[in-house]
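Descriptive analysis of the structure
Below, each chain spelled out in residue letters.
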Amino acid sequence: MKRRTFLIGAGVTALAPLAVFYSSRQAQALTSATVQRLKKPHTAWRNMISLEAYKILFEEHTEPPGSSSLNDEYREGTYICAACYLPLFESQYKYDSGTGWPSFTQPIAGHIDTKKDYKLIIPRTEYHCARCGGHQGHVFKDGPKPRGERWCNNGLALKFIVHTESLPPLRG
């Protein structure tokens, strides 16, 4: 791959914009990280998941703290969206935050969308599955180092797949 440089002045050169110079492997990695949003109304999920999961995922409810069996899940595996089965978190990033909800230090890149939530007095960052739009939880800046993030998730919005099992096909 040939790189072009540009003379800026006083003998200083700069590379052309990096976006132009992605290798095919880098471009493929960027494309695979992009998740296509489903064009499926939220009501279409009603018969595919439990009523409790539907309320959390598509009506943005929150389950009571300490109610999820995923709080005590520490096997190696992947946490997927309970609606569309998109992988959202890897078990190596799960930790006990003491909040009563499954918590992670980071999601799988490109699989989460965020937005500001003003339902409480203090604005929070809410996050959703990037594929189906299902509400997962909120991210806070009080997590462990090095990232300092706590991705606090509703357990009913997730399914855990142990590493010895295959991930189910995406649904939607």
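The rules we used
- Residues numbered from 1 in each chain as written.
- Predicted model: local features only at pLDDT ≥ 70, side-chain atom pairs only at ≥ 80, totals over all residues.
- Heavy atoms only, no water.
- Helix = DSSP H or I, 4+ residues; strand = E, 2+ residues; numbered from the N terminus.
- Buried < 20%, exposed > 50% of the residue type's maximum accessible area, 1.4 Å probe, protein only.
- Contact = heavy atoms within 4.5 Å.
- Areas by Shrake-Rupley, 256 points an atom, 1.4 Å probe, with all protein chains shown as cover.
- Polar contact = N/O pair within 3.5 Å; in protein donor to acceptor, adjacent residues only side chain to side chain.
- Salt bridge = Lys/Arg side-chain N within 4 Å of Asp/Glu carboxyl O.

Examining the overall build of the chain
Check the secondary structure of the chain and you find two helices and eleven strands. Ordered by position in the sequence, the α and β elements of the chain form the string β-β-α-α-β-β-β-β-β-β-β-β-β. A burial count over the chain gives 41% of its 172 residues as buried. For the chain, long-range pairs separated by at least 24 residues make up 54% of all intrachain contacts whose partners lie at least 6 apart in sequence. If you sum the accessible surface of the chain, you get close to 10600 Å²; carbon and sulfur atoms cover 55% of it.

A look at the side chain of T78
Within the secondary structure, T78 sits in strand 3 (residues 77-81). Overall, T78 belongs to the buried group, its relative accessible area being 17%. Once you skip the residues sitting within four places of it in the chain, T78 turns out to touch P87, F89, K159, F160, I161 and L167.

Let's talk about unusual backbone geometry
Keep in mind that most residues, glycine aside, have a negative phi and that most peptide bonds are trans. Residue P146 is bonded to the preceding K145 through a cis peptide linkage, with omega at 10°. On the secondary structure map, P146 appears in the loop between strand 9 (135-140) and strand 10 (150-153). Its identity is not glycine, yet E60 carries a phi of approximately 60°, on the positive side. In this structure, Y85 takes a positive phi of about 75° despite not being glycine. The topology assignment puts Y85 in the loop between strand 3 and strand 4 (87-90).

What to know about the environment of H128
For H128, the position within the fold is in strand 8 (residues 124-129). Separated by 17 residues in the primary sequence, H128 and H111 place their C-alpha atoms 8.7 Å from one another. Those residues within four positions of H128 in sequence are excluded, and the remaining contacts are E60, H111, I112, D113, K115, G133, G134, H135 and Q136. Here the side chain of H128 touches E60 through a polar contact of 3.4 Å, side chain to side chain.

Topic: the pattern of salt bridges
Side chains carrying opposite charge are able to pair once their charged atoms draw close together. Taken as a whole and assessed by the stated rule, the structure comprises four salt bridges. With a shortest N-O distance of 2.8 Å, R150 and D142 are connected by a salt bridge. By relative accessible area, D142 is classed as partly exposed at 48%. Note that E149 is salt-bridged to R147, the shortest N-O span being 2.8 Å. Overall, the relative accessible area of 43% leaves R147 in the partly exposed class.

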